[in-house]
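Breakdown of the fold
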Amino acid sequence: MIGILKKVFGDGNQRMINKHQKEVEQIEALADDFKQLTDEQLRGKTTELKARLEKGDSLRSVLPEAFATVREAATRVLGLTPYPVQILGAIALHEGNIAEMKTGEGKTLAATMPAYLNALSGEGVHIVTVNDYLASRDAEEMGKLFEFLGLTIGLNRNGLSKEEKRTQYAADITYGTNNEYGFDYLRDNMVMYPHERVQRPLNFAIIDEVDSILIDEARTPLIISGSARKSANLYLQANMFVSRLKHEEDYTYDVKTKSVQLTEEGINKAEKAFHIENLFDMVNALLFHHINQAMRANVSMHRDTDYVVQEGEVVIVDQFTGRLMKGRRYSDGLHQAIEAKEGLDIQNESMTLATITFQNYFRMYKKLSGMTGTAKTEEEEFRNIYNMHVVAIPTNRQITRLDQPDAVYKSIEGKFNAVVEEIALKHKSGQPVLVGTVAIETSEVISKLLKRKGVPHHVLNAKNHESEAEIIERAGERGAVTIATNMAGRGTDIKLGEGIYDLGGLVVIGTERHESRRIDNQLRGRSGRQGDPGETRFYLSMEDELMRRFGSDNMRNMMDRLGMDDESPIESKLVSRAVESAQKRVEGNNFDARKQILQYDDVLRQQRDVIYKQRNDVLSSDDLNEIVLRMIQSTIERSVEVHTASDIDEEWNLQSVADYVNGTLFEDGAISEKDLAGKEPDEMVELLMTEVKKRLQDKEEQMETEQMREFEKVILLRSVDQKWMDHIDAMDQLRQGIHLRAYGQTDPLREYQMEGFAMFEQMIASIEEDVSKYIMKAQIRSNLEREPVAEGQAVHPKQGENEKAKPKPVKNEMKIGRNDPCPCGSGKKYKQCCGQNSQTQ
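Just so it is clear, the structure is predicted and the values come from calculations on it, not from any experiment. (Residues numbered from 1 in each chain as written. Predicted model: local features only at pLDDT ≥ 70, side-chain atom pairs only at ≥ 80, totals over all residues. Heavy atoms only, no water.)

Notes on unusual backbone geometry
Despite not being glycine, Glu-209 has its phi angle at roughly 50°, a positive value. Relative to the elements of secondary structure, Glu-209 occurs in the loop between strand S5 (204-208) and helix H11 (210-216). What makes Glu-209 buried here is its relative accessible area of 6%. We note that Glu-248 has phi near 75°; this positive angle belongs to a residue other than glycine. One can find Glu-248 in the loop between helix H12 (233-242) and strand S7 (251-254). (Helix = DSSP H or I, 4+ residues; strand = E, 2+ residues; numbered from the N terminus. Buried < 20%, exposed > 50% of the residue type's maximum accessible area, 1.4 Å probe, protein only.)

Okay, here's the thing in structure tokens:
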């Protein structure tokens, strides 16, 4: 059917390529003319094109000349002339799409053309990379080209002062990581003075490795957090209880969904152990939450796969990259539950001061584009969420790499033995081998087997990623064997050493299929760059997680019936297609999960937009008197409305109105019930507002106008920041429990939207009441200062060692009251059980 549709309507990607091809030919046609220009004349093109834009020409109309300028400048400065396919990719980027360009096709050079063109507007261009190394490398190498053409370059690194960051952002083109751009946005919306902001309005971004940033990291919000103290005892008690539970008898574990549930027997044991009548009673919600997290930590979180323990700390392993995510902590108490499980010092939970997802941050840019070697499999997500199309750019030279069918073994042991034999064979011939693993544990198992075989090799995983670029660059030399987690070395080319071309190029061996086809394709793409020869093969076993989760039982039974042993693999396109089908299902599930996360985050985004706008209005306004009066009036109106809701005047509670306004705005006895009697609600509001204005006038006469305006700003900022911080925390807690509403036949998302909106309205009312109270009742000090309500630190999803929130450890000492229920589950009091010989007081 798809084939018929393509014949009738044509291939959308090919139509786009054909459309851009004419512009590529137009740019190529200018090459000879531009070669004739002196360096000075070529540089002068920048001034000329800027002038044309100022006169009203569009970026599109100057594109051919701008791209031709960069093409010629790159030849002179870098010794690199963009291929026609790179110009095709550059046009796709300028149009706000994703250019899918295979590994080694020169994405970095392609990005210089749209970056230059869009920088001519003077509104700034951000080039986003996945790590600091690539940002620094590209800024240095491509910076020479931009500087030759008269543009300024910025490098937005972590650790720069605000002044230094402001300078980097003021440049025409700024390089930096996704984390740093996002954190700077959040920090800019926490400043006390407008001049402290570092970013300009978000104009145009080119995201390198766009699938990694907008898909793999889409579920990881950026968080500015402060420390919130909580007792470690409950984590320790829950862990001690859970560690004694038995699988199937006390809890069930679903390997497909990784969910752990208490059985009826487990629930009874919990109620007995913690001396409670009903575990599901709301008063026991905190305990139930801790037991659930302890079960997740003990059953579904595995050391050296999901996390590693380093220097007494639990460090998360990114499931997509295999890299350590230092400074990042599991939220909602799971991190502390793992610390309790591992017998480590338990760190305090953090309080979120500001947060945003990459999805919502990057959607704020006026124009967004990206490039990667693998995006076509996620095209629907890019189109639906970011309104970006994926344009698959043809390779400059035809791919000659040989992709072998998967070899499927009965057991993991059989698979690893086959992998090691194949590596040893290729190494002996001198052909370089890159081995891709999904987990750190796997890379270490293969390393041990290779040592026994006497095969020299490098292991590149999260535990030693410092020398990553150097190891990857040498991975194409004769006899090199490199074991790497699947995404390690991303952004760095593997160039073939001398004589390797004739040996058949780089061999890539995958030890397991990832749940995303895209990441498998990235691994394959390490071999066969720019028309080089190469070979790839994935080795699978029936015991691999993907195979276990998606129906390998039938295939395993078939292997048993055929009497196949561990040394005989199945090599069949049918098996490969079955695996790919399983991957498609996982990708669909993951897309749905990210989509749902975005739907929930959009509720907070709308609220964040309102608060940040209000905050910016406060910072930029010279006179907040009108805003303050509006807030006081709203506060009065709410009180009057509540107490005069009845249609019968005699039922109005005027004394309560008087008590409220005296307590909130005036002093005892300032307004009496008699003052309000006989008036309509709007007349009461008018009377009270007249009194408010009179008192504010008296207050203003006692000091300088400038001091009064600053006083208003201090009160407003303090109230908005404090309430917003508490609201983020409350919304997070609401979101954690909202899914239980599905059991009541209600849509959790709709409930979250409605309750979130109600909570937001309550927060606004609370801000207005706070401001009213402080403005009317607070004494004004002469030394007013704007101070942040909390000192926050950025918690980096990946590079957390640079600016890491440092919660203080709570020593892992079980402090249980002598009359508390014993955590061992006996049902006795602690003093009558495990605490009999204890000195616990």
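Having seen the model, we can carry on.
Topic: a negative patch on the surface
The grouping of Asp-647, Asp-649, Glu-650, Glu-651, Glu-680, Asp-682, Glu-683 and Glu-686 at the surface amounts to a negative patch. Its place among the elements puts Asp-647 in the loop between helix H26 (625-643) and helix H27 (654-664). Asp-647 sits in the exposed class, given a relative accessible area of 77%. (Patch = residues over 30% accessible without salt bridge, like charges linked within 9 Å, V, L, I, M, F, W, Y side chains within 5 Å. Areas by Shrake-Rupley, 256 points an atom, 1.4 Å probe, with all protein chains shown as cover. Salt bridge = Lys/Arg side-chain N within 4 Å of Asp/Glu carboxyl O. Lys, Arg positive; Asp, Glu negative; His and termini not counted. Charge placed at Lys NZ, Arg CZ, Asp CG, Glu CD.)

Some points on the pairing of S5
Where burial is concerned, most of S5 is hidden: five out of the five residues are buried. Side-chain alternation along S5 places Phe-204, Ile-206 and Asp-208 on one buried face and Ala-205 and Ile-207 on a second face that is also buried. For strand S2 (residues 125-129) and S5, the ladder comprises four bridges, and the chain directions are parallel. Across the sheet, the residue bridging to Val-125 is Phe-204, located in S5. Inspection of the sheet shows S5 paired to strand S13 (residues 367-372) by five bridges, in the parallel sense. Among the inter-strand pairings, Asp-208 is bridged to a residue of S13, identified as Met-371. (Pairing = 2+ DSSP bridges.)

A short note on the packing of helix H5 (residues 59-77) against helix H8 (residues 132-148)
Two elements in contact, H5 and H8, have axes separated by 10 Å at closest approach and are oriented at 120°. Here H5 is positioned oblique relative to H8, judged by the angle of their axes. Judged by the sense of rotation from one axis to the other, the crossing of H5 with H8 is right-handed. Residue-level contacts link Val-70, Ala-73, Ala-74 and Val-77 of H5 to Lys-144, Leu-145 and Phe-148 of H8. In terms of residue class, the contact of H5 with H8 is built from six nonpolar, no polar and one charged. (Axes fitted to C-alpha atoms, helices over the stretch in contact; angles between N-to-C directions. Parallel < 35°, antiparallel > 145°, perpendicular 65-115°, else oblique. Left-handed = near helix turned anticlockwise from the far one by under 90°. Contact = heavy atoms within 4.5 Å. Nonpolar A, V, L, I, M, F, W, Y, C, P; charged D, E, K, R; others polar.)

Structural notes on the nonpolar core
Judged by nonpolar contacts, the single largest core of 88 residues is most densely connected at Leu-186, Leu-214, Phe-362, Phe-382, Ile-632, Ile-636 and Val-692. By residue number, the principal contributor to this core is helix H30 (residues 705-737), which donates eleven residues. Shared between two domains, this core takes at least three residues from each, and those domains are domain 1 (1-223 + 359-392) and domain 4 (604-776). Ignoring sequence-local partners within four residues, the contact set of Phe-382 consists of Ile-98, Val-210, Asp-211, Leu-214, Ile-215, Ala-375, Asn-387, Met-388 and Val-390. Val-24, Ala-119, Phe-148 and Phe-204 belong to the second-largest nonpolar core, a separate cluster that totals 51 residues. (Core = buried A, V, L, I, M, F, W, Y, C linked by side-chain atoms within 4.5 Å. Domains from an automatic or database assignment.)

Details of the sheet that holds S13
In space, the seven strands of this open sheet follow the order S3-S4-S2-S5-S13-S1-S14, with parallel pairing throughout. Edge positions in the sheet fall to strand S3 (153-156) and strand S14 (390-392), since each has one partner strand and no second. Pairs of neighbouring strands in the sheet enclose a mean axial angle of 20°, with direction left out of account. Bridge count between S2 and strand S4 (residues 173-177): five bridges; the pairing is parallel.

A word on the packing of aromatic side chains
Both the distance between ring centres and the angle between the ring planes are used here to describe each pair of aromatic rings. Under the definition given, this model contains eleven aromatic pairs. Here the aromatic rings of Tyr-185 and Tyr-361 are separated by 5.8 Å at their centres, their planes lie at 55°, and the arrangement is tilted. In this pair, Tyr-185 is assigned in helix H10 (residues 178-188) and Tyr-361 in helix H16 (residues 358-362), connecting sequence segments 176 residues apart. We note that Tyr-185, like Tyr-361, is buried. Measuring from ring centre to ring centre gives 6.3 Å for Phe-382 and Tyr-386, while their planes differ by 45°; the resulting arrangement is tilted. Here the residue Phe-382 and the residue Tyr-386 both occupy positions in helix H17 (residues 379-386), the gap between them amounting to four residues, near one helical turn. Comparing Phe-382 with Tyr-386 shows no difference in burial state: the two are buried. Taken together, the ring pairs in this structure connect Tyr-185, Phe-358, Tyr-361, Phe-362, Tyr-365 and Tyr-612 into an aromatic cluster. Against the face of Phe-148 rests Arg-43, its NZ or CZ located 4.8 Å from the ring centre. Taking NZ or CZ as reference, Lys-367 lies 4.7 Å from the ring centre of Phe-204, over its face. (Phe/Tyr/Trp six-rings, centres within 6.5 Å; stacked < 30°, edge-to-face > 60°. Lys NZ or Arg CZ within 6 Å of the ring centre and 35° of its normal.)

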